[in-house]
Amino acid sequence: MGGTIPYGTQGVIITCDGGKERGSARDATRNLTERFEVFLERDGKSTKKSSAGDDKGAADAGDALRAELEGLREDNKDPLFKEHSVDLRACTFVAASKEVTSHYTVAELVKAELERAKESGKTFARHTLRMIPVETTCYAGVDEIAEAAAPLIEKYFGDEKE
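In this text, all values refer to a predicted model and were calculated from it rather than measured experimentally.

Thresholds applied
Residues numbered from 1 in each chain as written. Predicted model: local features only at pLDDT ≥ 70, side-chain atom pairs only at ≥ 80, totals over all residues. Heavy atoms only, no water. Core = buried A, V, L, I, M, F, W, Y, C linked by side-chain atoms within 4.5 Å. Buried < 20%, exposed > 50% of the residue type's maximum accessible area, 1.4 Å probe, protein only. Helix = DSSP H or I, 4+ residues; strand = E, 2+ residues; numbered from the N terminus. Contact = heavy atoms within 4.5 Å. Phe/Tyr/Trp six-rings, centres within 6.5 Å; stacked < 30°, edge-to-face > 60°. Lys NZ or Arg CZ within 6 Å of the ring centre and 35° of its normal. 1 Å grid on protein atoms, 1.4 Å probe; cavity = no way out; pocket = protein on both sides within 12 Å on 5 of 7 lines; lining within 4 Å. Points joined across faces, edges and corners; volume = space filled by probe spheres on them. Pairing = 2+ DSSP bridges. Axes fitted to C-alpha atoms, helices over the stretch in contact; angles between N-to-C directions. Parallel < 35°, antiparallel > 145°, perpendicular 65-115°, else oblique. Nonpolar A, V, L, I, M, F, W, Y, C, P; charged D, E, K, R; others polar. Salt bridge = Lys/Arg side-chain N within 4 Å of Asp/Glu carboxyl O.

Visitor: Could you clarify how one ought to interpret the nonpolar core in this entry?
Guide: Within soluble globular proteins, side chains that are nonpolar generally end up buried alongside one another. In terms of nonpolar packing, the biggest core is built from 19 residues, with Val-12, Leu-32, Phe-36, Phe-81, Val-100 and Leu-109 touching the most fellow members. Take this core: its biggest share by element is six residues, from helix α1 (residues 21-43). Setting aside residues up to four positions removed in sequence, Val-12 forms contacts with Leu-32, Thr-92, Phe-93, Val-94, Val-106, Val-110, Met-131, Ile-132 and Pro-133.

Visitor: Looking at this model, I keep getting lost on the packing of aromatic side chains. Mind explaining?
Guide: Aromatic ring pairs: the centre-centre distance and the angle between the two ring planes describe each pair. Following the criterion strictly, the structure yields two aromatic pairs and no others. Measuring from ring centre to ring centre gives 6.1 Å for Phe-36 and Tyr-104, while their planes differ by 80°; the resulting arrangement is edge-to-face. Of this pair, Phe-36 sits in helix α1 while Tyr-104 sits in the loop between α3 (98-101) and α4 (106-120), placing them 68 residues apart in sequence. Among the aromatic residues, ring-to-ring pairing joins Phe-36, Phe-39 and Tyr-104 into one connected group. Here Arg-42 stacks its cationic end above the ring of Phe-39, 4.3 Å away from the centre of that ring. Seen from the ring of Tyr-104, Lys-45 lies directly overhead, with NZ or CZ sitting 4.7 Å from the centre.

Visitor: How should unusual backbone geometry be read in this particular structure?
Guide: Negative phi is the rule for most residues except glycine; trans is the rule for most peptide bonds. Backbone geometry at Asp-87 places phi at a positive 55°, although glycine is not the residue there. You can see Asp-87 is positioned in strand β2 (residues 81-88). Using a relative accessible area of 71% as the deciding quantity, one classes Asp-87 as exposed. Within the chain, Ala-90 stands out as a residue other than glycine whose phi angle is a positive 70°. As for its position among the elements, Ala-90 is in the loop between β2 and β3 (91-96).

Visitor: Just checking my understanding: could you explain the layout of surface pockets for this structure?
Guide: If a probe as big as a water molecule is rolled over the atoms, it shows which places are left empty. Of the pockets and cavities examined, the second largest pocket occupies roughly 290 Å³. Along the wall of the second largest pocket there are 18 residues; nearest its centre are Thr-9, Ala-95, Ala-96, Ser-97 and Lys-98. Where the lining of the second largest pocket is concerned, the elements lending two or more residues are β2, β3 and α3.

Visitor: How should the pairing of β2 be read in this particular structure?
Guide: For a regular strand, side-chain orientation follows a simple rule: the groups alternate between the two sheet faces. With five bridges connecting them, β2 and β3 associate as antiparallel partners. From the neighbouring strand, His-84 faces β3, where its bridge partner is Phe-93. Where β2 hands over to β3, the hairpin turn is made up of two residues, of which Ala-90 adopts a positive phi near 70°.

Visitor: In this structure, what is going on with the packing of α1 against α4? I would like to understand it.
Guide: Two packed helices can be described by the angle between their axes and the distance between those axes. Interhelical geometry of α1 versus α4 gives an angle of 105° and a closest axis separation of 9 Å. Put simply, α1 runs roughly perpendicular to α4. Taking contact as the criterion, the partners of Asn-31, Leu-32, Glu-34, Arg-35, Phe-36 and Phe-39 in α1 are, on α4, Glu-108, Leu-109, Val-110, Ala-112, Glu-113 and Arg-116. Broken down by class, the residue content of the contact of α1 with α4 amounts to six nonpolar, one polar and five charged.

Visitor: Explain the sheet that holds β3 to me, please; I cannot follow it from the model alone.
Guide: Backbone-to-backbone hydrogen bonds pair the strands of a sheet. The strands run either parallel or antiparallel. A sheet is described by the order of its strands in space; here four strands give the open sequence β2-β3-β1-β4, paired in antiparallel fashion. Either end of the sheet is taken by a strand with one partner, and the two such strands are β2 and β4 (128-134). Direction aside, neighbouring strands of the sheet carry axes that sit 25° apart on average. Contacts from α1 reach β1 (11-16), β2, β3 and β4, with the element oriented near 150° to β2.

Visitor: Would you take a moment to explain the pattern of salt bridges for this structure?
Guide: This structure, assessed with the given rule, holds eight salt bridges. Ionic pairing is found between Arg-30 and Asp-27, a salt bridge with its closest N-O pair at 3.2 Å. Here Arg-30 pairs with Asp-27, and both are found in helix α1, just three residues apart, close to one helical turn.

Set out below in structure tokens:
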């Protein structure tokens with residue numbers, strides 16, 4: 001769990017059953033990471049992280065296990081998604097890393113996860129109620145909100161003048 005959410009962060013607001021914030025964030029982190037990996041594979045893109053199973057010189061099960069554990073330790077040093085507590089009951093925020101946002105928007109990943117749940121007819125997160133993508137964060141002041149909203153307005157509404 002992290003502290004305050006850094007300004008400019010992309011991520012997902014998650015609402016969930018009261019008292020289940022950590023479990024819901026853990027499920028969302030796992031599911032969004034899976035969607036990210038599926039997208040990378042689908043698009044033939046690579047990531048800076050290397051797979052632990054690529055160790056060709058593993059002579060026995062012990063070496064393979066050590067290599068896999070080292071890979072897991074490396075993955076935990078710089079996670080793709082990280083929970084930030086927002087000190088609200090039944091609500092949390094999961095921030096996406098720069099690695100994720102350099103390839104895809106959080107909205108694309110959330111949409112893919114929700115479509116997977118719809119198509120399969122089951123949820124892959126026991127306590128999650130809603131997942132709301134967030135494209136940027138800022139200080140809650142009028143000037144700061146206007147400054148953060150300007151690029152988003154340009155991106156989604158263009159410069160059409162009526």
